[in-house]
Amino acid sequence: SNYDDTKKKTVGGRNGYGAKLANIFSTEFSIEIHDVGTQKKYVQTWTNNMKEKTKPKITKKTGEKGYAKFTFFPDLKRFNMSKLDDDIVAMFEKRTYDACACTSENIATYYNGKKLTYKNFEKYVDLYIGNKKETSRLYESSYRWDVAVCHSDDGFKQVSFVNGINTSVGGTHVDHVTRKMVNKVLDKILAKNPNSQVKANFVKEHMFVFVKATLENPSFSSQTKTECTLKPQGFGSSFECSE
C-alpha cells in the first residue's frame, strides 16, 4: 500500500529504510509490536549488524493501546567512535523535541525519563526565538498547517517539517508559506504607500519562518528528506495567511 499513490497518505516513510539502516549499523536491534486488532505481541531481535536474528516470538496480549517499540545499540566502531560524543547526543535530544512537537496530543514524549511538553507548535518555536515577550511573531494554526514568522536580522531562515520529517533545507511547503506571507506584507505596505518600491526579495530576507505541514504523499529531493519537492497542487490543503 505504500506504493499506491491513488491512496492519500499523510505519513513520512515509504521505503522502510529508516529501521533497516538502524538495524544494519547496530550490534543489536530489537522490535516489539503490540497489535490490538489481533491482541498479539510480536518480538524479534537481530545482532551482528543484522546478520543474525532470533525466531519471531508471537504471544497473546490484551489491551486497548497498541505500540511499536524499537531498541538498538549503535555499532560505534562503524562510525570510528568509541562513545557517543556530545554532538550526537545533542542531535538525539533535538530530534526528541522535534518528535514531541510533531506528534499527536495523545502521544507522550520523553527524553532520558523527562516528559517533554511542546505539543503546541508555538511553544516549540519559543525554543528558537524565546517567548512572546522576548520576540514578537505572527502565528497561524489551521487545518494541516502551523506557521510562525518573526523578524530576522541576518537573512532568510527557516525551520520546517513535513509529516514529522525535519526538512532542514526547506522546499516547496516553505516556499508556499513564505510567498503568501510576503504578498500579505507587500499588500499592507502598498495600502499605506502606493508608490513603494519595496520588492518581495527584500521582505523575504528579513523573515524567520517556522512551518509544520501535513501533506498528502509528499516527495523529497533525496532519501535524506531534507527538502520537500511536492508541488503545491498536490499538498491536499493550502495555507492561508489571515493577518
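One numbering rule holds for all chains: residues counted from 1, following each sequence as written. Residues qualify for local features only when their pLDDT is at least 70, as the model is predicted, and side-chain atom pairs are given and counted only at 80 or more; totals for whole chains, interfaces and linings, by contrast, use all residues. Heavy atoms from the whole structure form the basis of all side-chain values; hydrogens and water molecules are not counted.

What is the right way to read the state of the cysteines from this model?
Here, the word disulfide means a covalent bond between the sulfur atoms of two cysteines. Cysteine sulfur pairs qualify as disulfides if the two atoms are within 2.5 Å. If you walk through the whole model with that rule in mind, you get zero disulfides. Left unpaired, Cys 100 is separated from the closest cysteine sulfur, that of Cys 102, by 9.2 Å. Not part of a disulfide, Cys 241 finds its nearest cysteine sulfur in Cys 150, a span of 14 Å.

Explanation requested: the environment of Gly 170 in the structure shown.
Put simply, DSSP H or I for four residues or longer makes a helix, DSSP E for two residues or longer makes a strand, and each gets a number counted from the N terminus. Here Gly 170 shows up in strand β12 (residues 170-171). In this structure Gly 170 comes out as buried when scored by relative accessible area, which is 1%. Residues Gly 170 and Leu 186 lie 16 residues apart in sequence; the distance between their C-alpha atoms is 23 Å. For every residue, the accessible area (1.4 Å probe, protein chains only) is compared with the maximum for its type, and the residue is labelled buried under 20%, exposed over 50%, or partly exposed between those bounds.

Explain the side chain of Asp 146 here, please?
With respect to the helices and strands, the residue Asp 146 is situated in strand β9 (residues 145-151). Residue classification places Asp 146 among the buried positions, given a relative accessible area of 13%. Under this definition, polar contacts are N or O atom pairs within 3.5 Å; protein pairs additionally need one hydrogen-donor-capable and one acceptor-capable atom, and for neighbouring residues in sequence, both atoms have to be side-chain atoms. Polar contacts involving the side chain of Asp 146 include one to the side chain of Ser 141, which spans 2.7 Å. When neighbours within four sequence positions are excluded, Asp 146 is seen to be in contact with Phe 121, Tyr 139, Glu 140, Ser 141, Phe 210, Val 211 and Lys 212. Here, residues are in contact when the closest pair of their heavy atoms is within 4.5 Å.

Would you mind showing me how to read the sheet that holds strand β11 (residues 165-166) here?
Paired strands are those between which DSSP finds at least two bridges. Sheet architecture is open: five strands sit in the order β8-β9-β13-β10-β11, paired in mixed fashion. Both outer strands of the open sheet, β8 (138-142) and β11, are each paired with one neighbouring strand and no more. Where β8 and β9 come together, five bridges link them in antiparallel fashion. Within β9, the residue paired with Ser 141 across the bridge is Asp 146. Interaxial angles span 0 to 180 degrees and are taken between N-to-C directions of axes, which are lines fitted to C-alpha atoms, for helices over the stretch in contact. Helix α4 (residues 172-192) contacts β9, β10 (157-162) and β13 (207-213) of the sheet and is inclined by roughly 130 degrees relative to β13.

I keep staring at the pattern of salt bridges and nothing clicks. Help me out?
Pairs may arise between side chains of opposite charge once their charged atoms sit close together. Salt bridge, as used here: a side-chain nitrogen of Lys or Arg that lies within 4 Å of a carboxyl oxygen of Asp or Glu. Applying the stated criterion across every chain, the model contains 11 salt bridges. Between Arg 78 and Asp 75 there is a salt bridge whose closest N-O contact spans 3.2 Å. A relative accessible area of 3% places Asp 75 in the buried class. Residue Lys 212 is joined to Asp 146 by a salt bridge in which the shortest nitrogen-to-oxygen separation is 3.9 Å. Taken as a pair, Lys 212 in strand β13 and Asp 146 in strand β9 lie far apart in primary sequence, 66 residues in all. Lys 212 gets classed as buried once you look at its relative accessible area, which sits at 16%. Taken together, the shared-partner salt bridges in this structure form one network comprising Glu 122, Asp 126, Lys 132 and Arg 137.

How should I be thinking about the nonpolar core in this particular structure?
Think of a nonpolar core as a cluster: buried Ala, Val, Leu, Ile, Met, Phe, Trp, Tyr and Cys residues, connected wherever their side-chain atoms sit within 4.5 Å. Core analysis: the largest hydrophobic core is formed by 21 residues, its most contacted members being Trp 145, Val 177, Met 181, Met 207, Val 211, Leu 215 and Phe 239. Listing elements by their share of this core, those giving two or more residues are β9, α4 and β13. Not counting residues up to four positions away in its chain, the partners in contact with Met 207 are Val 149, Cys 150, Ser 152, Gly 155, Phe 156, Lys 157, Thr 178, Met 181 and Val 182. Tyr 118, Phe 121, Phe 161 and Phe 208 belong to the second largest nonpolar core, which has 16 residues in total.

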